[in-house]
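# Coordinates in review
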Number of protein chains: 2
Amino acid sequence: MMELTRKGEYAIRGIVYLAGKPLDKVCLLSDIAAAVDVPPTFLAKIFQQFSKIGLVRSFRGTGGGFLLGRAPELITLLEVVEAVEGPIIPNRCVCAPQDCDRSAFCNVHPVWKRVQGQVRDVLTGVTLRELADGNNQQ
Amino acid sequence: MMELTRKGEYAIRGIVYLAGKPLDKVCLLSDIAAAVDVPPTFLAKIFQQFSKIGLVRSFRGTGGGFLLGRAPELITLLEVVEAVEGPIIPNRCVCAPQDCDRSAFCNVHPVWKRVQGQVRDVLTGVTLRELADGNNQQ
DNA sequence: CCTAAAAAGACATTATGTATCCTTTTAGGG
DNA sequence: CCCTAAAAGGATACATAATGTCTTTTTAGG
Ligand code: SF4
Ligand code: SF4
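So, a few notes on the structure that sits alongside this text. Predicted model only: the values in this text are computed from it and were never measured.

## Thoughts on the overall build of chain A
Looking only at helices and strands, chain A features seven helices and two strands. By principal-axis analysis of the C-alpha atoms, chain A measures approximately 60 × 30 × 25 Å. Per-residue burial over chain A gives 51% buried out of 138 residues. Look at the contacts in chain A between residues 6 or more apart in sequence, and 65% of them connect residues 24 or more apart. Surface summary for chain A: the accessible area is close to 6600 Å², and the carbon and sulfur share equals 52%.

## So, the site of ligand 1
Every residue near ligand 1 is listed here: Asn91, Cys93, Cys100, Arg102, Ser103, Cys106, Val108, His109 and Trp112 of chain A together with Glu9 and Arg13 of chain B. Surrounding ligand 1 are residues belonging to chains A and B, so the site spans chains. For the shell around ligand 1, the secondary-structure elements that each account for two or more residues are α6 (109-124) of chain A together with α1 (6-19) of chain B. Of the residues belonging to the shell around ligand 1, the class tally is five nonpolar, three polar and three charged.

## A closer look at the environment of Lys52 of chain B
Residue and element names in this part refer to chain B. Relative to the helices and strands, Lys52 resides in helix α3 (residues 40-52). Taking relative accessible area as the criterion, Lys52 reaches 75% and is therefore assigned exposed. Sequence-wise, Lys52 and Ala83 are 31 residues apart; in three dimensions their C-alpha atoms are separated by 9.9 Å.

## Regarding the packing of α1 of chain B against helix α4 (residues 77-85) of chain B
Packed helices, taken two at a time, are described by their axes: the angle between them and the distance between them. Residues and elements named next belong to chain B. At a closest axis distance of 9 Å, the pairing of α1 and α4 adopts a crossing angle of 135°. The orientation of α1 relative to α4 falls into the category oblique. α1 and α4 meet at a crossing whose hand is right-handed. Across the interface between the two elements, Lys7, Gly8, Ala11, Ile12 and Ile15 of α1 pack against Leu77, Val80, Val81, Val84 and Glu85 of α4. Each residue belonging to the contact of α1 with α4 can be placed in one class, and the counts come to seven nonpolar, one polar and two charged.

## Some remarks on the protein's contact with DNA strand C
The immediate surroundings of DNA strand C are formed by 25 residues, with Tyr10 and Arg60 of chain A together with Lys45, Ser58 and Arg60 of chain B found nearest. Take Thr41 of chain A: an N or O atom from its side chain is 3.2 Å from a phosphate oxygen of DNA strand C. Elements supplying a minimum of two residues to the surface near DNA strand C: α1 (6-19) and α3 (40-52) of chain A together with α3, β1 (56-59) and β2 (65-68) of chain B. Considering each element in turn, the surface near DNA strand C owes the most residues, four residues, to α3 of chain B.

## Description of the protein's contact with DNA strand D
Close contacts around DNA strand D come from 25 residues, with Lys45, Ser58 and Arg60 of chain A together with Thr41 and Arg60 of chain B the closest. The side chain of Tyr10 of chain B places a nitrogen or oxygen atom 3.0 Å from a phosphate oxygen of DNA strand D. Between a phosphate oxygen of DNA strand D and a side-chain N or O atom of Thr41 of chain B, the distance comes to 2.9 Å. Looking at the surface near DNA strand D, the elements with two or more residues in it are α3, β1 (56-59) and β2 (65-68) of chain A together with α1 and α3 of chain B. Element by element, the count of residues in the surface near DNA strand D is highest for α3 of chain A, at four residues. Of the residues that constitute the surface near DNA strand D, the class distribution is seven nonpolar, 10 polar and eight charged.

## Description of the pairing of β1 of chain A
Residue and element names in this part refer to chain A. Judged from the four bridges that link them, β1 and β2 form a sheet pairing that is antiparallel. In the strand pairing of β2, Arg57 is matched with Leu67. Between the end of β1 and the start of β2, which pair antiparallel, lie five residues, with Gly61 showing a positive phi angle near 75°.

## A short note on the relation of the copies chain B and chain A
For the pair chain B and chain A, the relating rotation is 180°, the translation along its axis is 0.0 Å, and the fit reaches an RMSD of 0.0 Å. Read as a symmetry element, the transformation amounts to a two-fold axis. Relative to the rotation axis, the C-alpha of Met2 of chain B is the closest in chain B, positioned 1.8 Å from it. Of all interface residues in chain B, 98% are interface residues in chain A too; the two copies therefore contact each other through one and the same surface.

## Some points on the site of ligand 2
With respect to spatial proximity, the complete set of residues near ligand 2 consists of Glu9 and Arg13 of chain A together with Asn91, Cys93, Cys100, Arg102, Ser103, Cys106, Val108, His109 and Trp112 of chain B. Of the chains in the model, those with residues near ligand 2 are chains A and B. Only α1 of chain A together with α6 (109-124) of chain B provide two or more residues apiece to the shell around ligand 2. Its residues placed into classes, the shell around ligand 2 shows five nonpolar, three polar and three charged.

Cut-offs applied
- Residues numbered from 1 in each chain as written.
- Chains lettered and ligands numbered in written order.
- Predicted model: local features only at pLDDT ≥ 70, side-chain atom pairs only at ≥ 80, totals over all residues.
- Heavy atoms only, no water.
- Helix = DSSP H or I, 4+ residues; strand = E, 2+ residues; numbered from the N terminus.
- Buried < 20%, exposed > 50% of the residue type's maximum accessible area, 1.4 Å probe, protein only.
- Contact = heavy atoms within 4.5 Å.
- Areas by Shrake-Rupley, 256 points an atom, 1.4 Å probe, with all protein chains shown as cover.
- Near = heavy atom within 4 Å.
- Nonpolar A, V, L, I, M, F, W, Y, C, P; charged D, E, K, R; others polar.
- Axes fitted to C-alpha atoms, helices over the stretch in contact; angles between N-to-C directions.
- Parallel < 35°, antiparallel > 145°, perpendicular 65-115°, else oblique.
- Left-handed = near helix turned anticlockwise from the far one by under 90°.
- Polar contact = N/O pair within 3.5 Å; in protein donor to acceptor, adjacent residues only side chain to side chain.
- Pairing = 2+ DSSP bridges.
- Least-squares fit on C-alpha atoms with pLDDT ≥ 70 in both.

Shown next, in the form of structure tokens:
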């Protein structure tokens, strides 16, 4: 239960790699993919998603590539995860109580709310800066 | 991400229903399924799993059915969830660091450990007694 | 023995995850 | 103005997991 998908794992690897580079260093997708050991075509899809919401910026054509959309200390792990995995929802009713007609009197419902809060808190408390420091720094 | 499956949801509904009954009241699967609005055949599979690990006790044949394996205040939500969904694993490496050769220098790894701990803490802090009280009590 | 009820196992269907491939767009450089 | 590099977008293929259902077997009471 509650398992991150490959996509999410790859997404984190990729963007943490970027976070370890200078902010203005344009990185080739193929280089990133090779460095973090992710299928390049898959990572391409992931970075397209990142690009759409501004987490990374992209440049096409010769000399193109990717760089981080913001300073790594301003990007939380929660943002990254939710960008590719969708919102943190331990149970359907957390997001859509109206879908379950038991939610009115259900004592389990608030527990999932609490789980959601805790997970979000942990992930919000971690920035890409912290994740990048100590390893792929150069 | 992190979404409970139907199976998990159904499992909780079913066992919470049992927890709301007297400890010695044998309940028919068909009755439970109807009361908590779950496909009976599916709930049967779930309760078989519960039965194997002693979370519920079962009796076959005429007059048979299910009852709770222990007092509801002694069964945590974590037990119930892990029984049907498997362990709480936010990422593969939490359970098997050796599977990822990056785990040695990875700063993300401890974050997932923390997530796991928080979720488990929340679920451990809730017993079936608390979940049953206030609604299907009779 | 007959019937009620759970256990066990096989099967069917759908949804999700995990990619790959091909075509199109964009941009730089000669 | 072309040629090439590189990302964007769309379609597709395959594997795995989720969500059930069905049938047969075992167990137990009356
Ligand atoms: S029964 Fe309770 S926990 Fe389950 S989906 Fe409905 S509100 Fe949520
Ligand atoms: S890279 Fe880090 S977070 Fe990802 S699987 Fe490996 S150890 Fe875990």
